[in-house]
Amino acid sequence: MSNLISVSMHCGSGINAIKNMKDIKHCDLHNNRKYKNNRNEEIDLSLSKYNITIVGSKNITEDIKEFYKKEFTQATYNYNKKQPDERRKIANYLDKMDKDSKSNIAVEFLFQMGDMEDWKDKTLEDKQKTVEIFKKAIPILEAKGIKTVNASLHLDETNPHLHLIAVPIIENQKRGLEKQVSQNK
């Protein structure tokens, strides 16, 4: 690897957005290698045991449920307290977001260092050293209101890269919940 290395970040949107729990389940299948048929020739499943979960667990579906419960229970309670009409009350914010076709329940970021050429002769130990670098993305996003739910470092492909599932949160809102998910604001 040279002294110069590229760093790239991709934020899923459009067809790659995480719109609902079905999409979360797909992220869980891929990020935690929970599938039988691997069509991606870049993945060496014998190395998957070395992948590292930096934040969260090996169950992204449960991670997102726990995250929403922790982050939005109080805001949902406060919102419901003000609602005289029972039909407007929100029983579960994640369920509401799951059914909302205009909103995404989360966003996935992909962080990668270097390219195939940079990593072609590197060992697994070399790739494992990237974990500390990838960890630095989490507080940077957090400072911008983007809270990490799950972060999975893949070492079983040519390039080490991080799949980071996060929820962008805004607070102090006047309409709806005082704290809510928003990729726009």
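Higher on the page you've got the structure.
Residues numbered from 1 in each chain as written. Predicted model: local features only at pLDDT ≥ 70, side-chain atom pairs only at ≥ 80, totals over all residues. Heavy atoms only, no water.

Student: How should I be thinking about helix α1 (residues 21-31) in this particular structure?
Tutor: Spacing of three or four residues puts side chains on the same side of an α-helix, whose turn is 3.6 residues. Among the residues making up α1, those that are buried are Met 21, Asp 23, Ile 24, Cys 27, Asp 28 and Asn 31. Angular distribution of buried residues about the axis of α1 spans 150°; they occupy a single face of the element. On its buried face, α1 sits against α2 (60-81), α3 (93-99), β3 (107-113), β4 (146-154) and β5 (161-170). One or two residues past the end of α1 sits Arg 33, with phi positive at roughly 50°. (Buried < 20%, exposed > 50% of the residue type's maximum accessible area, 1.4 Å probe, protein only. Helix = DSSP H or I, 4+ residues; strand = E, 2+ residues; numbered from the N terminus. Arc of directions from axis to C-beta. Contact = heavy atoms within 4.5 Å.)

Student: Just to check I follow, could you spell out α2 for this structure?
Tutor: Counted at 1.5 Å a residue, the expected span for α2 with its 22 residues is 32 Å, and the 31 Å between its end C-alpha atoms agrees. When the local axis directions of α2 are compared, the greatest deviation, roughly 55°, occurs at Phe 72. If you check the start of α2, you find a side-chain oxygen 3.2 Å away from the backbone N of Thr 61, and it comes from Asn 59. (Expected span 1.5 Å × (residues − 1). Bend = angle between axes of the 7 residues up to and from the residue. Polar contact = N/O pair within 3.5 Å; in protein donor to acceptor, adjacent residues only side chain to side chain.)

Student: Mind showing me how you'd approach the pairing of β5 here?
Tutor: Each regular strand carries side chains that alternate between the two faces of the sheet. Burial runs high along β5: ten of the ten residues are buried. Where burial is concerned, the two faces of β5 agree: the one with His 161, His 163, Ile 165, Val 167 and Ile 169 and the one with Leu 162, Leu 164, Ala 166, Pro 168 and Ile 170 are both buried. As judged from the six bridges shared by β3 and β5, these two strands associate in the antiparallel manner. Directly across from Phe 109, in β5, lies its bridge partner Leu 164. Across eight bridges, β4 lies against β5 in antiparallel orientation. The residue bridging Ala 151 from the neighbouring strand is Leu 164, located in β5. Summarising the sheet, β5 and strand β6 (residues 180-181) pair through two bridges and their orientation is antiparallel. Bridging across to β6, Ile 169 finds its partner in Val 181. (Pairing = 2+ DSSP bridges.)

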